[in-house]
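Close look at the chain arrangement
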Amino acid sequence: YIEWHKGNAEEALSSWRQADEYLRNVKLPDEDEGGNKMIEDLHLVILKNIAQAAIQLGSWTEALAAADGALRIDDQDHKAWFRRACALEGL
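Summarised in this report is the structure supplied together with it. Note that the structure is a prediction, hence the values are computed from the model and not measured.

Take the nonpolar core next. In this structure, Trp16, Ile46, Leu47, Ile50, Ala66 and Ala70 are the most contacted members of the largest nonpolar core, which totals 16 residues. For this core, the secondary-structure elements that each account for two or more residues are α2 (9–24), α3 (33–57) and α4 (60–73). The element best represented in this core is α3, accounting for 7 residues. Setting aside its immediate chain neighbours within four residues, alanine 66 contacts Leu47, Ile50 and Ala51. Counting residues in hydrophobic clusters, the runner-up holds 5 residues, among them Ala54, Ala63, Leu64 and Ala87.

Dropping the structure here:
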């Protein structure tokens, strides 16, 4: 997030990729609904950030994959739909 605001999209994207890799493998016990929801919400934000950075860098395929991943978490997320559209337009 800090790198993004410094204008360093590549460094921010690299950090968000690491977070995505980690969050894909995190699952709390099923009875911890609040904890799992928090992880899911964080993963959603990370995927949308990946999509945005990838769009800025012209990495359209990665942007599309990240937006699609975000939509698998929340198919009503307007930012994810918008970033998906931007990625498709870039392709």
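Now, onward.
This part takes up the side chain of aspartate 77. Inspection of the secondary structure puts aspartate 77 in the loop between α4 and α5 (78–90). Side-chain polar atoms of aspartate 77 contact the side chain of lysine 48, separated by 2.9 Å. There is a polar contact of 2.9 Å between the side chain of aspartate 77 and the backbone nitrogen of alanine 80. Residue contacts for aspartate 77: discarding those within four places in its chain leaves Leu44, Lys48 and Leu71.

Angle between the axes and distance between the axes: these two values describe a pair of packed helices. Direction vectors running N to C along α3 and α4 enclose 160°, while the axes themselves pass 8 Å from each other. By the angle class used here, α3 and α4 are roughly antiparallel. Handedness of the crossing formed by α3 with α4: left-handed. Only Trp60, Glu62, Ala63, Ala66, Ala67, Gly69, Ala70 and Ile73 of α4 make contact with α3, whose side of the interface consists of Glu40, His43, Leu44, Leu47, Lys48, Ile50, Ala51, Ala54 and Ile55. Residues that form the contact of α3 with α4 fall into these classes: 12 nonpolar, 2 polar and 3 charged.

Where α4 meets α5, the closest approach of the two axes is 8 Å, and the angle between their N-to-C directions is 155°. As judged from the angle between their axes, α4 and α5 are roughly antiparallel. Both α4 and α5 take part in a crossing whose hand is left-handed. The segment α4 lies against α5, with Trp60, Ala63, Leu64, Ala67, Asp68, Ala70 and Leu71 engaging Ala80, Trp81, Arg83, Arg84, Cys86, Ala87, Leu88 and Gly90. When grouped by side-chain class, the residues that make up the contact of α4 with α5 number 11 nonpolar, 1 polar and 3 charged.

Applying the stated criterion across every chain yields a total of 1 aromatic pair. Pairing tryptophan 4 with tryptophan 16 gives two aromatic rings, centres 5.7 Å apart and planes at 50°, and the pair type is tilted. Note that tryptophan 4 is positioned in helix α1 (residues 2–5) and tryptophan 16 in helix α2, a separation of 12 residues in sequence.

Here α5 is 13 residues long and its end C-alpha atoms lie 18 Å apart, about the 18 Å a rise of 1.5 Å per residue gives. Listed in full, the buried residues belonging to α5 are Ala80, Arg83 and Ala87. All buried residues of α5 fall inside an arc of 65° around its axis, so they share one side. Across α5 from its buried face, at more than 90 degrees, point the exposed residues His78, Phe82 and Glu89. Put simply, aspartate 77 is the residue that caps the front of α5, since its side-chain oxygen is 3.1 Å from the backbone nitrogen of lysine 79.

Criteria and thresholds
- Residues numbered from 1 in each chain as written.
- Predicted model: local features only at pLDDT ≥ 70, side-chain atom pairs only at ≥ 80, totals over all residues.
- Heavy atoms only, no water.
- Core = buried A, V, L, I, M, F, W, Y, C linked by side-chain atoms within 4.5 Å.
- Buried < 20%, exposed > 50% of the residue type's maximum accessible area, 1.4 Å probe, protein only.
- Helix = DSSP H or I, 4+ residues; strand = E, 2+ residues; numbered from the N terminus.
- Contact = heavy atoms within 4.5 Å.
- Polar contact = N/O pair within 3.5 Å; in protein donor to acceptor, adjacent residues only side chain to side chain.
- Axes fitted to C-alpha atoms, helices over the stretch in contact; angles between N-to-C directions.
- Parallel < 35°, antiparallel > 145°, perpendicular 65-115°, else oblique.
- Left-handed = near helix turned anticlockwise from the far one by under 90°.
- Nonpolar A, V, L, I, M, F, W, Y, C, P; charged D, E, K, R; others polar.
- Phe/Tyr/Trp six-rings, centres within 6.5 Å; stacked < 30°, edge-to-face > 60°.
- Expected span 1.5 Å × (residues − 1).
- Arc of directions from axis to C-beta.

Geometry only, nothing functional implied.
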